[in-house]
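# Coordinates in review
Here is how the chains run, residue by residue.
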Amino acid sequence: MTSAVGSRLDRCLAGLARTYPGPGGAVAVLRDGEVLVRHAWGWANAERRILFTPSTLFRMCSITKQFTCGVLLDAFPDPTVLDEAVRARLPALEGAAPAIVDLCHNQSGLRDYWAVAMLHGSPVEAPFGDREAARVIGGTRSLQFAPGTRYSYVNQNFRILSDILEERSGRGFAELLRSRIFDRVGMESAILAADTRAMPDGIEGYEGGQESGFRAAENRILWTGDAGLGASLDDMIAWERHVDATRDDPASLYGRLSAPVSFRDGNPAAYGFGLGRGKELGRAVTGHGGALRGWRSHRMYVPSERVSVVVLFNHLSDAHGAAVDLLAAVLGEERPSPVIGPMPGWVGAYREPETGLAVRIEPAGDRLRLRYGHSAEWLDVQPDGTAGVERTRLRSGPDGLWMDRPQENQSSLLLPAEAAATPDVAGRYRCAELDAELTVADAGGALYGAFSGFLGQGRMELLETVGPDLWVLPCPRALDHTPPGDWTLAFRRDEAGRACGVEVGCWLARGLAYERSGEAA
């Protein structure tokens, strides 16, 4: 490492704890297989005063997904032999089932089970384990898109993978991870930490912030192949060294995991085998983030530079942002500033026709805030009148406003939703597919809504009007680290003009039909 690189990294490290404040963290930077940074600070458990160190076990959350796919490819070089096992896991599904690789690439068309759990009325801190997962997955009757045609992030894709691997091998998933990956690459302390209530070395994840204060986060989810990995910074350093050491072998495990993937129509896909494929500072990268309430992590590998970055926070700061800061320090580059164009005239409310979801575009300083997907996106306004970031672009055409989402293999002409909604939709609505219910109640002239089902009774939330018979039901907290996004409620009316049904959905779980079953209590 040159003195210039060392100085830039030292300056970056000196500011991390202040830029991304929280109880503790750990980061690593490698180049050419050499460890440039191995650093931890703060507290793994602030109440018990347990220091955060490079050997502290950490919840890697969704970074697990690449390891699940790694076990799959190692145990079944031709994973298509497991396609029928996917169908067997979806006994109620009507129509074609996804293939095993559709699960690996988040192209299955399944609705995310943690999002669907909220439709079943799950309280935010409720238990969600094998029984709940089996009921939600086994009750699937329809898909939200044809397998292989679109992308949507779905956690149970990877739970299904690990369940199938256990069934076919006759071995527990923890044992499969240990024998097929951890022992081979030197991840000595890595474990399957499926129970999110506690970690064996006492590390705690924290919600809150500097102003409101930090508090230990409560999680009661049972994770497996979707997000169950427990690993230390040193374990992840071993993984990054393995990635770099095998970089030139396309038949290596990471070579197969990071190979190009596509949709059924041949268009390239930006996600495959539990890894995102994108760009940072103009370089191609592969990697993944991880998050649960109280935990954030990110890892990336830049093959052209042979650089790896790992960031672990036991709080809810931006681990991806910290990883890019460290990458910029290694490369000696500044994070680019956007070229700002004039505010476009097409801000407002729309509906995306394929998903049926509300699209809200709002000014946010010099940028635009797009509320459509899993979480809000901040888009840079370009001098040519478009607005976007890597995964989303808004552009005006002679026929209206288009939204391009290349990661999802989707481009659509948005439908304006300009008029006000009529507030006469209070009632009870039932979804036959889920055997669950939506209640919309008029409480003193204000509309509130909530879901209920086999997991409980959700809390009432104030509805927000978007357009004619188009409302959103906020979901500010959920089982996962971030909520699935506001639920779009698109009401239907009968010939008499009475609200008789509603289509409910969010980006993670959409296209569910509810029929009116009675009046709200």
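Residues numbered from 1 in each chain as written. Predicted model: local features only at pLDDT ≥ 70, side-chain atom pairs only at ≥ 80, totals over all residues. Heavy atoms only, no water.

## Regarding the sheet that holds strand β5 (residues 191-192)
With antiparallel pairing, three strands are arranged side by side in an open sheet as β4-β8-β5. With partners counted over all chains shown, the strands left at the sheet margins are β4 (58-59) and β5, one partner each. (Pairing = 2+ DSSP bridges. Helix = DSSP H or I, 4+ residues; strand = E, 2+ residues; numbered from the N terminus.)

## Here we look at unusual backbone geometry
The residue F273 is not glycine, and still its phi comes out positive at about 50°. On the secondary structure map, F273 appears in the loop between β11 (271-272) and β12 (275-280). What makes F273 buried here is its relative accessible area of 12%. One non-glycine residue with positive phi stands out, namely R306, at about 55°. Within the secondary structure, R306 sits in the loop between β14 (295-302) and β15 (307-313). Under the relative-accessibility criterion, R306 is labelled partly exposed at 23%. (Buried < 20%, exposed > 50% of the residue type's maximum accessible area, 1.4 Å probe, protein only.)

## Digging into helix α6 (residues 130-138)
If you check which residues of α6 are buried, you get E132, A133, V136 and I137. Buried residues of α6, viewed axially, fall in a sector of 120°; they line one side. Turned more than 90 degrees from where α6 packs its buried face, R131 and A134 sit exposed. If you follow the buried residues of α6, they end up packed against α3 (83-89), α5 (113-119) and α7 (156-169). (Arc of directions from axis to C-beta. Contact = heavy atoms within 4.5 Å.)

## Here we look at the pattern of salt bridges
When their charged atoms lie close together, side chains carrying opposite charge are able to pair. If you walk through the whole model with that rule in mind, you get 46 salt bridges. A salt bridge links R477 to E125; the shortest N-O distance between them is 3.1 Å. Of this pair, R477 sits in the loop between β31 (470-473) and β32 (487-493) while E125 sits in the loop between α5 and α6, and the two are 352 residues apart along the sequence. Exposure remark for R477: the relative accessible area of 35% places this residue in the partly exposed category. The class for E125 is partly exposed, based on a relative accessible area of 25%. Taking the shortest distance from any N to any O, the salt bridge between E175 and R171 comes out at 3.1 Å. Taking relative accessible area as the criterion, R171 reaches 28% and is therefore assigned partly exposed. (Salt bridge = Lys/Arg side-chain N within 4 Å of Asp/Glu carboxyl O.)

## Observations concerning the sheet that holds strand β17 (residues 358-364)
The sheet built from nine strands is open, its strands ordered β23-β22-β21-β20-β19-β18-β17-β16-β24 with antiparallel pairing. Both outer strands of the open sheet, β23 (410-413) and β24 (415-416), are each paired with one neighbouring strand and no more. As paired strands, strand β16 (residues 348-351) and β17 are joined by four bridges and run antiparallel to one another. Paired with R351 across the bridge in β17 is A358.

## What to know about the environment of A349
Considering the arrangement of structural elements, one finds A349 in strand β16. With a relative accessible area of 18%, A349 lands in the buried category. As for A349 and V359, which are separated by ten residues in sequence, their C-alpha atoms are 5.8 Å apart. Not counting residues up to four positions away in its chain, the partners in contact with A349 are V359, L415, P416, A417 and V466.

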